[in-house]
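Overview (structure and organization)
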Amino acid sequence: MRARRARFSAGEALVWAALGLAGLVFLLPLYVVIVTALKPLAAIVDGSMLAPPRDWTIAPLAKAWSGACIGASCEGLRGGFLTSLRITLPAVAGSVAIGLVSGYALTQWRLPGARLAFALVIVANVLPYQAVLLPVALTLRRLGLFGTVEGLVLVHIAYGMPYTVLLFRNFFIGVPPEIVAAARVDGAGFWGILIHVLLPLSWPILAVAVALQFTAIWNDYLFSLVFGGPNPPVTVRLNNLINDGVGTKEYNVNMAGVLLVAAPALLVYWLAGRWFVRGLTLGGAR
Amino acid sequence: MPTIDGLALDRRAFLIGALAAAAPTWSRAAGLTGLSGKRFEVVHWWAGGSESDAIRVVRRALEAEGGTWLDVTVQGPDLAKAAAMTRVLGGAAPGAMLWHVGPDLPRLVTDGVIRDVEAAAAAQGWDAILPAAVAAQMKVDGRYVAAPIDLHGANWMFAHRRRLEEAGAELPRTWDEAIAACERLRAAGTIPIALGGQPWQEALVFAQAVVGTGGADLMRRMCVEHDVSGDLPAVAAAFETFGRLRPFVDKGSPNRGPTDTANLVSSGRAGFLFTGDWSRGELEKAGLKAGADYLARPAPGNDGVFLAVVDAFCMPRAVSAPIAEAQDAFARLVMSPGVQHDFNLVKGSIPTRTDVDLARYDEGARAAARLTRGEGEVVASLSMGMTTAMRAALYEVVHRFWTTEGADPKRAASDLRDAIARTRA
Amino acid sequence: MRRRLVSGRVAAALALAPAALLLGVAFYGFLGWTAAISLTSSRLLPRADFVGAANYAAVMGDRRFVESFGNLLVFGVALVATAALAGLALAVVLDWLDRRGRRTGLAETVFLYPVAVSWLVTGLVWQWILNPSLGLERSVRAWGIETFAFDHLVRPGTALYALALAGAWHVAGMALAVFSAGLRGVDPDLWRAARVEGVGAHRVYLHVVLPMLGPHAMTVLLLLAFGVARAFDLVVAMTGGGPGYATDMPALYVYDHMFARGHLAVGAAAAVVLTLAAAAIVVPYLSLALTRRRPA
């Protein structure tokens, strides 16, 4: 698109070789996980981690999905997926919506104190979550939301929000002020400008924000563990599955579990990947 | 899925199936109406393997009483306790939470977190059926505050029989003999000691060295009386013995979990494993037979001493009246002979009740039980004798000593004295 | 028109209310709450007494806590430098190939996918690969290369760097994406001019394009710094702070005291110190971001 196809050169071959090598390093963990998830246990204990399976089996995947015993129940990871989705989807929608609106309000309306507010957002991004677990627990109790899906949704919106505000703020600050000024002249108000003028420009950064939030919330362990109820999200189940308690360590089932739990986030990334660099190109990266 | 799990698991599955079939006989005998129709939430850390099998014994017993089991499994005791506490703080106290028996219990009582289970204890006469050293740790102001479900010994030695014979080594009775045996194993190309470099695993071996060099009395002064200021030379000697084991551990040791560590012995790559009796279950699960494939006996110099670790269910205070009623029934269920027998058979521990018939237990477990039933001395282990804070401070001293090549045992001994004194308050 | 602007500003201020509420309560309010707990003698449960700065004195006087900050610094710098440089190098290579008309979408996916994996899983998998008795070392030795050593995670001198490498694997894609975005934003006329003048691509990158990526580098450093602040799961899964205390981290210390040792107040004091230190790291960015005019 940008350039005509250049002639292949020796230098380029070298670059491709280096790139390929880097690719192998990046793919090594994925390879190990997949290969291990498809091997019988004996082949793992006695054999090499790198060897491809000689006898392929999907039994570990099936077991991790629905058969493995975790604590006093033997339902595998299956039940956690619904909980995780019920938490992740509204929490992603909420934190992205707040980020979108706040990032827009902070940049296009010259509010007094906008810079200070942004500074507070940045610092919020480095707060260690361990520091607030106790106040969160006591507050959820007050709200009657402790151990509920709604409670976790609220927690994830609250603690995902600084990151989305940062993303959208950096995106919208790159939008030329003339666009918004012109819309204002045409009589558009706060919401009208956002919905009719800026939103159509924003879908790449929306894709980035959704992908990042989905990953962060789907993969969360700490909040899910502490505030999850008797039907916890998949990450908590996965950690219990892989736990190093007493018993034979079924590496193949563990890795199958890793694969199953990682799959939705990987899928979202794969789908959003095309827009990823683009979303950042349009100003989000500044 | 026999191709994956192998023969060992099949045997286990059969055993569990048989137990499940047998369940109604004894659970009806328990006759606990308090659980019927109740939704009872239990927080515990028994996530996988034989532990998961064992907790399901309790679950089925509760369900046989007409209750519904709400399972909250959290990996690892620290996290599980923290999660249970957060639940209490969050106003969603569980029906029961698993805890280690030790000095944390009085604190939980004085902080108003848990209630006593004296009603169940009086009804079942726990005073007469628990080992005195265990009972003493479970009472606050003379009232029982938790229902003990198992009894583990923390001072055992396991050895891979063939590796030992090939190296021409014998099962050691003292630490000097153990070190000689380790040298033979190393010469034969076997990893002499399987040890996971996590503070708690290292501390287990250190405690065995304390008993092995200073006897049960030194262990009691450290672990129960919490004062070793008069025993510095003896503690230093324990550290010295412990430090002599350093060269016999493989370099993959740091942060290795207990399962991978036990696997080193079950696969014949390592000779010795110094740990608690919970590892017996792993060796068995890997298909090894006691006597034929692996050997087990008390750690060097630990004969006649049983370092007790007890897991118990505590009952949070902030629950509704019907759940409080269910808590009393659950305490009695946990201490009922049927649950005690079947749970511990699966888990690899022994019943806390001394009146349970052990005919179906293996010889190792029966030998351990004899120690707790008058033939030996029951002493509190690190987990039973120390608060979490004191134990963590001890772990830090031991972990630093173990991971510092050439560390000074005398310095470690005085560090340990200070750590214990600092956390005694 | 004027009235429109005013009513728009009112709407903007109202639209910020949810974010302001969450920020005020969940971050700064709760941090204050934790700071209050750090001034008490709370152990397993919060207590409402007052012991002054005793817990801070205990924390600052603890060798383990002070050492853990040194570890965090080494780990953080190593991780950020590795991930940023790897991301930059990959972004430049992909951009160059792109300009030569090659397809680079697949390569981008390969380098980006680890971002979607959690810190916990990153730690679990790399821990396995780096474990000398289970992972790569054993596999390569099985091929007959008996002297192959890949045991950096279990050696006190190198464990921090092994940890940082695994972390860099996880976040390098983020750096790559941001730098790629910057490279694509470069004016095509610039490249055309360079071609007409006959200037080599490497010189254009080195002298013209890279200096233009300053703001992107700032963003990368900031995003990676957020990552370091959250890398707790990685350390837990890979080393648990060991061997010895070689990879101990302040967050681990907080966690250990609050939960494992049942000493809430000391953990809270350590958490407050950690938060202040983390805030101090982003202050340089802040001063830059807040004084900078709108980018042209």
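Only a predicted model underlies this, so the values are computations on that prediction, with no experimental measurement involved.

Next up on the list: the UniProt feature "domain: ABC transmembrane type-1" (unreviewed entry) in chain C. Following the UniProt record, the feature "domain: ABC transmembrane type-1" (unreviewed entry) maps to residues 69-287 of chain C here. Structurally, residues 69-287 of chain C comprises 75% helix and 0% strand, and the distance from its first C-alpha atom to its last is 24 Å.

Attention now goes to the interface of chain C and chain B. If you look at the interface, chain C gives 19 residues, while chain B gives 23 residues. Residue contributions to the side of chain C that touches chain B peak at 3 residues, all from helix H13 (residues 250-260) of chain C. A per-class count over the side of chain C that touches chain B returns 7 nonpolar, 8 polar and 4 charged.

Turning next to the UniProt feature "transmembrane region" (unreviewed entry) in chain A. When the UniProt feature table is mapped onto this chain, "transmembrane region" (unreviewed entry) is found at residues 12-34, 87-106, 118-140, 152-172, 193-218 and 253-272 of chain A. In the segment residues 118-140 of chain A, helix accounts for 65% and strand for 0%; the C-alpha atoms at its two ends are 27 Å apart.

All names here are of chain C. Per the UniProt record, "transmembrane region" (unreviewed entry) is annotated on residues 12-36, 72-97, 109-129, 159-183, 204-229 and 264-290. Secondary structure across residues 72-97 divides into 100% helix and 0% strand, with the first and last C-alpha atoms of the span separated by 37 Å. Between the first and last C-alpha atoms of residues 159-183 the distance is 35 Å; the span itself is 100% helix and 0% strand.

Turning next to helix H2 (residues 49-64) of chain B. Residues and elements named next belong to chain B. The end-to-end C-alpha distance of H2, which contains 16 residues, comes to 23 Å, matching closely the 22 Å that a straight helix rising 1.5 Å per residue would cover. With 12 of 16 residues buried, H2 lies mostly within the body of the structure. The set of residues buried in H2 consists of Gly49, Ser50, Glu51, Ser52, Asp53, Ala54, Ile55, Arg56, Val57, Val58, Ala61 and Leu62. Positive phi shows up at Gly66, right after H2, with a value of about 90 degrees.

This part takes up the interface of chain C and chain A. Each partner contributes residues to the interface: chain C has 82 residues there, and chain A has 71 residues. Of the residues forming the side of chain C that touches chain A, the biggest block, 11 residues, is contributed by helix H2 (residues 17-37) of chain C. Taken together, the residues that form the side of chain C that touches chain A break down as 60 nonpolar, 14 polar and 8 charged.

Note on sheets: strands pair through backbone hydrogen bonds, and any given pair is parallel or antiparallel. Residue and element names in this part refer to chain B. The sheet built from 4 strands is open, its strands ordered S9-S10-S8-S11 with mixed pairing. Strand pairing shows two members of the sheet lacking a second neighbour, strand S9 (191-194) and strand S11 (294-298), which therefore form its edges. Between one strand axis and the next, the sheet turns by 20 degrees as a mean value, whatever way the strands run. Bridging between strand S8 (residues 156-160) and strand S10 (residues 270-275) involves 4 bridges; their strand directions are antiparallel. The residue bridging Phe158 from the neighbouring strand is Leu273, located in S10.

Attention now goes to the environment of Ala121 of chain B. Residues and elements named next belong to chain B. With respect to the element layout, Ala121 can be found in helix H5 (residues 118-124). A count of 23 C-beta atoms within 10 Å places Ala121 in the buried class. Along the sequence, Ala121 and Arg143 sit 22 residues apart, while their C-alpha atoms lie 8.6 Å from each other. Excluding anything up to four places from it in sequence, Ala121 contacts Trp126 and Tyr144.

General note: in soluble globular proteins, nonpolar side chains tend to be found buried as a group. Within the largest apolar cluster, 346 residues are counted, with the highest numbers of intra-cluster contacts made by Ala146, Ala308, Phe313, Cys314, Phe330 and Leu394 of chain B together with Ala175 of chain C. With 19 residues, helix H8 (residues 159-184) of chain C is the single largest residue contributor to this core. If near-sequence neighbours (up to four positions away) are discounted, Phe330 of chain B is found in contact with Leu35, Phe40, Leu62, Gly95, Ala96 and Phe313 of chain B.

All names here are of chain A. On domain assignment, one finds that chain A holds domain 1 (10-58) and domain 2 (78-284). Computed over C-alpha atoms only, the centres of domain 1 and domain 2 are separated by 32 Å. Counting residues at the interface gives 8 residues for domain 1, matched by 7 residues for domain 2. Breaking the side of domain 1 that touches domain 2 down by element, the ones donating at least two residues are helix H1 (10-37) and helix H2 (41-46). Here the side of domain 1 that touches domain 2 gets 4 residues from one element, more than from any other, and that element is H1. Taken together, the residues of the side of domain 1 that touches domain 2 sort by class into 6 nonpolar, 1 polar and 1 charged.

Here chain C is partitioned into domain 1 (1-32) and domain 2 (62-291). The gap between the C-alpha centroids of domain 1 of chain C and domain 2 of chain C is 34 Å.

Rules used in this analysis
- Residues numbered from 1 in each chain as written.
- Chains lettered and ligands numbered in written order.
- Predicted model: local features only at pLDDT ≥ 70, side-chain atom pairs only at ≥ 80, totals over all residues.
- UniProt positions renumbered as here; feature names shortened; annotations may be inferred.
- Helix = DSSP H or I, 4+ residues; strand = E, 2+ residues; numbered from the N terminus.
- Contact = placed C-beta atoms within 7 Å.
- Nonpolar A, V, L, I, M, F, W, Y, C, P; charged D, E, K, R; others polar.
- Expected span 1.5 Å × (residues − 1).
- Buried ≥ 20, exposed ≤ 12 C-beta atoms within 10 Å, placed from the backbone.
- Pairing = 2+ DSSP bridges.
- Axes fitted to C-alpha atoms, helices over the stretch in contact; angles between N-to-C directions.
- Core = buried A, V, L, I, M, F, W, Y, C linked by C-beta atoms within 7 Å.
- Domains from an automatic or database assignment.

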